[in-house]
Amino acid sequence: MTDFAKNLRQLRKQSRMSQFMLADKLGVSQRTISHYENGSSEPSLQILCRIARIFRVTVDELLGFALKDED
(Lines give C-alpha, C1' and ligand atoms only; values in the text may rest on other atoms or scores of the structure.)
Protein backbone atom coordinates (compact mmCIF):
# COMPACT_ATOMS: atom_id res chain seq x y z
CA MET A 1 0.00 0.00 0.00
CA THR A 2 1.34 3.43 -0.92
CA ASP A 3 1.80 6.33 1.48
CA PHE A 4 -0.97 8.10 -0.41
CA ALA A 5 -3.39 5.20 0.15
CA LYS A 6 -2.60 5.03 3.88
CA ASN A 7 -2.77 8.79 4.31
CA LEU A 8 -6.07 9.08 2.46
CA ARG A 9 -7.69 6.38 4.58
CA GLN A 10 -6.34 7.91 7.79
CA LEU A 11 -7.46 11.45 6.92
CA ARG A 12 -10.90 10.25 5.85
CA LYS A 13 -11.41 8.28 9.04
CA GLN A 14 -10.11 11.12 11.23
CA SER A 15 -12.67 13.36 9.56
CA ARG A 16 -15.40 10.78 10.26
CA MET A 17 -16.17 10.69 6.58
CA SER A 18 -17.34 7.58 4.75
CA GLN A 19 -15.96 6.59 1.38
CA PHE A 20 -19.36 7.45 -0.05
CA MET A 21 -19.27 10.96 1.46
CA LEU A 22 -15.79 11.64 0.07
CA ALA A 23 -16.77 10.24 -3.31
CA ASP A 24 -19.79 12.56 -3.38
CA LYS A 25 -17.61 15.61 -2.63
CA LEU A 26 -15.21 14.63 -5.42
CA GLY A 27 -17.83 13.57 -7.97
CA VAL A 28 -16.48 10.05 -8.24
CA SER A 29 -17.83 6.66 -7.21
CA GLN A 30 -17.35 5.04 -3.81
CA ARG A 31 -15.55 2.26 -5.65
CA THR A 32 -13.00 4.79 -6.94
CA ILE A 33 -12.25 5.90 -3.37
CA SER A 34 -11.88 2.25 -2.37
CA HIS A 35 -9.36 1.76 -5.21
CA TYR A 36 -7.41 4.82 -4.05
CA GLU A 37 -7.31 3.49 -0.48
CA ASN A 38 -6.21 -0.02 -1.39
CA GLY A 39 -3.53 1.28 -3.76
CA SER A 40 -4.93 -0.24 -6.94
CA SER A 41 -5.57 3.16 -8.52
CA GLU A 42 -4.24 6.70 -8.21
CA PRO A 43 -6.15 9.94 -8.68
CA SER A 44 -5.52 12.49 -11.38
CA LEU A 45 -3.64 15.63 -10.37
CA GLN A 46 -6.91 17.56 -10.33
CA ILE A 47 -8.56 15.07 -7.95
CA LEU A 48 -5.41 14.89 -5.83
CA CYS A 49 -5.51 18.67 -5.35
CA ARG A 50 -9.20 18.55 -4.47
CA ILE A 51 -8.57 15.82 -1.87
CA ALA A 52 -5.80 17.91 -0.32
CA ARG A 53 -8.14 20.92 -0.07
CA ILE A 54 -10.93 18.85 1.50
CA PHE A 55 -8.60 17.63 4.25
CA ARG A 56 -6.66 20.91 4.52
CA VAL A 57 -3.27 19.35 3.86
CA THR A 58 -0.68 19.93 1.18
CA VAL A 59 -0.34 17.57 -1.75
CA ASP A 60 3.14 16.72 -0.42
CA GLU A 61 1.65 15.71 2.93
CA LEU A 62 -1.05 13.70 1.22
CA LEU A 63 1.56 11.84 -0.84
CA GLY A 64 3.75 11.24 2.22
CA PHE A 65 6.66 13.49 1.33
CA ALA A 66 8.38 15.05 4.31
CA LEU A 67 10.55 18.08 3.80
CA LYS A 68 14.00 17.84 5.36
CA ASP A 69 15.72 20.80 6.97
CA GLU A 70 18.31 22.26 4.67
CA ASP A 71 21.05 23.46 7.01
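Here the structure is a predicted model, which is why all the values come from computation and not from measurement.

Undergrad: Could you clarify how one ought to interpret helix H3 (residues 30-38) in this entry?
TA: Because each turn of an α-helix spans 3.6 residues, side chains separated by three or four positions end up pointing in the same direction. For H3, the full list of buried residues reads Ile33, Tyr36 and Glu37. The buried side chains of H3 occupy one side of the element, clustering within an arc of 95 degrees when seen end-on. Elements that come into contact with the buried residues of H3 comprise helix H1 (3-14), helix H2 (19-26) and helix H4 (45-55). Downstream of H3 by a residue or two, Gly39 has a phi angle that is positive, lying close to 80 degrees.

Undergrad: What should I look at first to understand the packing of H2 against H4 in this one?
TA: Between two packed helices, what matters for the description is the angle formed by their axes and the separation of those axes. H4 packs onto H2 with a crossing angle of 120 degrees between their chain directions and a minimal axis gap of 10 Å. With respect to H4, the element H2 is oriented oblique. Two packed elements cross with a definite hand, and for H2 against H4 that hand is right-handed. Across from Leu22, Lys25 and Leu26 in H2, the residues of H4 making contact are Ile47, Arg50, Ile51, Ile54 and Phe55. When the residues that make up the contact of H2 with H4 are grouped by side-chain class, the tally is six nonpolar, no polar and two charged.

Undergrad: Help me understand the environment of Leu62 in this model?
TA: Tracing the sequence through the fold places Leu62 in helix H5 (residues 59-63). Here Leu62 falls in the buried class, since its relative accessible area comes to 0%. A sequence separation of 59 residues divides Leu62 from Asp3, and the C-alpha atoms of the two residues are 7.9 Å apart. Residues in contact with Leu62, not counting those within four places in the same chain, are Asp3, Phe4, Asn7, Leu11, Leu48, Ile51, Ala52 and Val57.

Undergrad: I tried to follow the packing of H2 against H3 on my own but got confused; where do I start?
TA: As a packed pair, H2 and H3 sit with axes 8 Å apart at the nearest point and diverge in direction by 110 degrees. Classified by the interaxial angle, the pair formed by H2 and H3 is roughly perpendicular. Between H2, through Gln19, Phe20, Leu22, Ala23 and Leu26, and H3, the contact on the second element is made entirely by Gln30, Ile33, Ser34 and Glu37. Partitioned by chemical class, the residues of the contact of H2 with H3 number five nonpolar, three polar and one charged.

Conventions adopted
- Residues numbered from 1 in each chain as written.
- Predicted model: local features only at pLDDT ≥ 70, side-chain atom pairs only at ≥ 80, totals over all residues.
- Heavy atoms only, no water.
- Buried < 20%, exposed > 50% of the residue type's maximum accessible area, 1.4 Å probe, protein only.
- Helix = DSSP H or I, 4+ residues; strand = E, 2+ residues; numbered from the N terminus.
- Arc of directions from axis to C-beta.
- Contact = heavy atoms within 4.5 Å.
- Axes fitted to C-alpha atoms, helices over the stretch in contact; angles between N-to-C directions.
- Parallel < 35°, antiparallel > 145°, perpendicular 65-115°, else oblique.
- Left-handed = near helix turned anticlockwise from the far one by under 90°.
- Nonpolar A, V, L, I, M, F, W, Y, C, P; charged D, E, K, R; others polar.

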